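Descriptive structure summary
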Amino acid sequence: MTMSNNLKITVSGGFNKNGEAESLSELELHPETSLAVIGPTGSGKSEFLSDIEQSASKDTPSGRTVIIDSEGVDFACEGSGVIAQLSQKMSFIMDGTVERFLNLHAESRNKGGNGLILSTLEVANTLCGEPIRLNDPLHGLSGGQSRALMIADIALISDAPVVLIDEIENAGINKLKALSVLSSSSKLVIIATHDPLLILMADRRLIMKNGGMESVAERTESEKGILEKIKEMDRYTERVREDLRFGVYPLSSAEAVL
Amino acid sequence: MKIVTVAGTPSSGKTSVIIHAMRHFIENGKSVSAVKFDALDTMDDQIIKEKLNIPTLKGISDYICPDHFYVSNLEEVFLWGENNNSDVLVIETAGLCLRCAPHITGIMAVTIVDNLSGLDAPKKMGPGIFHTDIIVITKSDLVSQAEREVFKQRIREVNPDAEIINVNGLTGKGSLLLKRFIEGSDDIESMSERELRYSMPASLCSYCTGEVRIGKKYQSGSVEKIV
């Protein structure tokens, strides 16, 4: 979609919880990048996501201004379809099969064709352990399968160029692939998270403190090394988990090696 | 005085959405009054009063159709709002059957529908959806992005022109957009001589006047048969 190409989000700083000006006074975000929003509980992560969702204009508690525009055309509100969201507490409420669900969504976006449905399913199946089938009833999907289907659907069928994610760490999916699936579909991904892997996967991280934007940090080259190490640990955990789930006993000694 | 009429299905979060949107006005130093119409009893006026500390008024229709009762009292409600020196007057309707939309031509109309009510809800809601200015979707934090988009698209098919906003009734997220739209609406100088956007259902039969017995011989007035 063309609007995603030149889309830009500009956040102008407001105030922290003490009413002091935020240390970071301006932040610009572009598609095909990812931003991790980090900080301890109560530091203002959700507030930040909420400001973006509502296009705050000095009228939220933070006093921030958020401008979402593409070459001067303003997308004032969430209703304009710029933002897609993913959170832990979402579920499917529709009564129907996976195929019908994907078709309905594709039709509502004026997209169609069996190819799109199949490739969405294929992507979803790279994210979760047990494969999802087209004729599975939606409500029969496991938590991980549901999350995987939601992510693939946002990446491939939803037009929204901006994706806001609020903590998907415990969703039972391959989070590494999940994040790369979303960013590779030329979206801007903003994710509030405590997960070191997800934080280091992001190109930049916004550090929140006491309700204010403290600073924004670009991932360094040496941090990429740390990321690789964490990825390896993640794969290790994953391997052990899968063996345990499938009843392997005892675990082989090879598994003691990280 | 800005006036906004609010309609919507039961339990869709009308009162919660009103509270959040009005809180923004109050923070801006505006004075707000709220009227709640209902059929049998309601605590909504008390809830609004407790949370916002503003003048509220309750209208219980009892044996009369709540929407007929509502339209018969609009001038009185308007005057009550004026006497409170309100900058904003919110009129919340009962939200029972979906046959009518209690919205008024020239006055900001908000219809609230929740994302859990199924993908066919926009079509079923008829005039509530197609004769309104703003459609607020609640509870969308609980459904998938795809279902949000399909639901929104279904609303679009029924009403291509209304603003569609997602508001979280619990946290108030999204209520700012609603407040901005209400803020931009015209000041209303009078209620008399205005018109409903959609006529109310004809109802003049023996059951309207208290008949409870079943059978042809008890039926008179406008009675139509299914087969």
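Bear in mind that the values here come from a model prediction, so they are computed numbers and not experimental data. (Residues numbered from 1 in each chain as written. Chains lettered and ligands numbered in written order. Predicted model: local features only at pLDDT ≥ 70, side-chain atom pairs only at ≥ 80, totals over all residues.)

1. A look at the overall build of chain A
Looking only at helices and strands, one finds eight helices and 10 strands in chain A. Computed over the C-alpha atoms, the radius of gyration of chain A is 20 Å, within 12% of the 18 Å expected from 2.2 N^0.38 for a compact globule of 258 residues. Projected onto its principal axes, the C-alpha coordinates of chain A cover approximately 55 × 45 × 30 Å. Considering chain A as a whole, with its 258 residues, one finds that 41% of them fall into the buried category. Relative to all contacts within chain A whose residues are 6 or more apart in sequence, the contacts with residues 24 or more apart total 69%. (Helix = DSSP H or I, 4+ residues; strand = E, 2+ residues; numbered from the N terminus. Rg over C-alpha atoms; globule rule 2.2 N^0.38 Å. Buried ≥ 20, exposed ≤ 12 C-beta atoms within 10 Å, placed from the backbone. Contact = placed C-beta atoms within 7 Å.)

2. Observations regarding the interface of chain B and chain A
Of the residues lining the interface, 20 residues belong to chain B; the matching set on chain A comes to 28 residues. Those elements that provide at least two residues to the side of chain B that touches chain A are helix H7 (145–158), strand E7 (163–166) and helix H8 (175–183) of chain B. Tallying contributions element by element places H7 of chain B first for the side of chain B that touches chain A, with six residues. When its residues are assigned to classes, the side of chain B that touches chain A shows 10 nonpolar, five polar and five charged. (Nonpolar A, V, L, I, M, F, W, Y, C, P; charged D, E, K, R; others polar.)

3. With respect to the domain arrangement of chain A
All names here are of chain A. Partitioning chain A into structural domains gives domain 1 (2–219) and domain 2 (220–258). Relative placement of domain 1 and domain 2: their C-alpha centres are 27 Å apart. Counting from both sides, the interface comprises seven residues of domain 1 and, opposite them, eight residues of domain 2. Partitioned by chemical class, the residues of the side of domain 1 that touches domain 2 number five nonpolar, no polar and two charged. (Domains from an automatic or database assignment.)

4. A look at the packing of helix H5 (residues 143–156) of chain A against helix H6 (residues 175–184) of chain A
All names here are of chain A. With their axes 8 Å apart at the nearest point, H5 and H6 run at an angle of 15 degrees to one another. Comparing the axis directions of H5 and H6 gives the class roughly parallel. When the axes of H5 and H6 are compared, the crossing they make is left-handed. Residues Ile151, Ala152, Ile154 and Ala155 of H5 pack against Ala178, Val181 and Leu182 of H6. Here the residues of the contact of H5 with H6 are counted per class, giving seven nonpolar, no polar and no charged. (Axes fitted to C-alpha atoms, helices over the stretch in contact; angles between N-to-C directions. Parallel < 35°, antiparallel > 145°, perpendicular 65-115°, else oblique. Left-handed = near helix turned anticlockwise from the far one by under 90°.)

5. Some points on the pairing of strand E1 (residues 2–8) of chain B
All names here are of chain B. Counting buried positions over the seven residues of E1 gives seven, a clear majority of the element. Burial along E1 is two-sided: Lys2, Val4, Val6 and Gly8 facing one way and Ile3, Thr5 and Ala7 facing the other are all buried. Strand direction decides the pairing type here: E1 and strand E5 (residues 108–114), joined by five bridges, are parallel. Note that in E5 the partner of Gly8 across the bridge is Ile112. (Pairing = 2+ DSSP bridges.)

6. Focus on unusual backbone geometry
The step from Tyr249 of chain A to Pro250 of chain A runs through a cis peptide bond, and the omega angle for that step is -15 degrees. The residue Pro250 of chain A is located in the segment after helix H8 (221–245) in this model. One non-glycine residue, Asn110 of chain A, lies in the positive phi region at around 60 degrees. Tracing the backbone through its elements, the reader meets Asn110 of chain A in the loop between helix H3 (98–108) and helix H4 (114–127). Unusually for a residue other than glycine, Ser11 of chain B sits at a positive phi of about 65 degrees.

7. Quick look at the nonpolar core
In this structure, Val37, Ile151, Ala152 and Val163 of chain A together with Val90 and Val136 of chain B are the most contacted members of the largest nonpolar core, which totals 114 residues. Examining the composition of this core, we find that eight residues originate from one element, H5 of chain A, more than from any other. Residues within four places of Val163 of chain A in sequence aside, it is in contact with Ala84, Leu86, Ile154, Leu182, Lys187 and Val189 of chain A. (Core = buried A, V, L, I, M, F, W, Y, C linked by C-beta atoms within 7 Å.)

8. Some points on the environment of Gly44 of chain A
Residues and elements named next belong to chain A. Inspection of the secondary structure assignment puts Gly44 in the loop between strand E3 (34–38) and helix H2 (45–53). On the basis of neighbour counts, which here come to 26 C-beta atoms within 10 Å, the residue Gly44 falls in the buried class. Separated by 56 residues in the primary sequence, Gly44 and Arg100 place their C-alpha atoms 39 Å from one another.

9. Some details on the sheet that holds E5 of chain B
Residue and element names in this part refer to chain B. The sheet built from seven strands is open, its strands ordered E3-E2-E4-E1-E5-E6-E7 with parallel pairing. Edge positions in the sheet fall to strand E3 (56–60) and E7, since each has one partner strand and no second. The average undirected angle you get between the axes of adjacent strands in this sheet is 20 degrees. Judged from the five bridges that link them, strand E2 (residues 32–38) and strand E4 (residues 88–92) form a sheet pairing that is parallel. Note on E4: the bridge partner recorded for Ser33 is Leu89. Lying over the sheet, helix H1 (residues 14–27) contacts E1, E2, E4, E5 and strand E6 (134–138), oriented at roughly 180 degrees with respect to E4.

10. Structural notes on the sheet that holds E3 of chain A
Residue and element names in this part refer to chain A. A sheet is described by the order of its strands in space; here six strands give the open sequence E6-E7-E8-E3-E9-E10, paired in mixed fashion. Where the open sheet ends on each side, the last strands, each with one partner, are strand E6 (83–87) and strand E10 (212–218). When the angles between neighbouring strand axes are averaged without regard to direction, this sheet yields 20 degrees. Bridge analysis of strand E7 (residues 162–166) against strand E8 (residues 188–192) gives five bridges, and the strand direction is parallel. Bridge pairing links Val163 to Val189 in E8.

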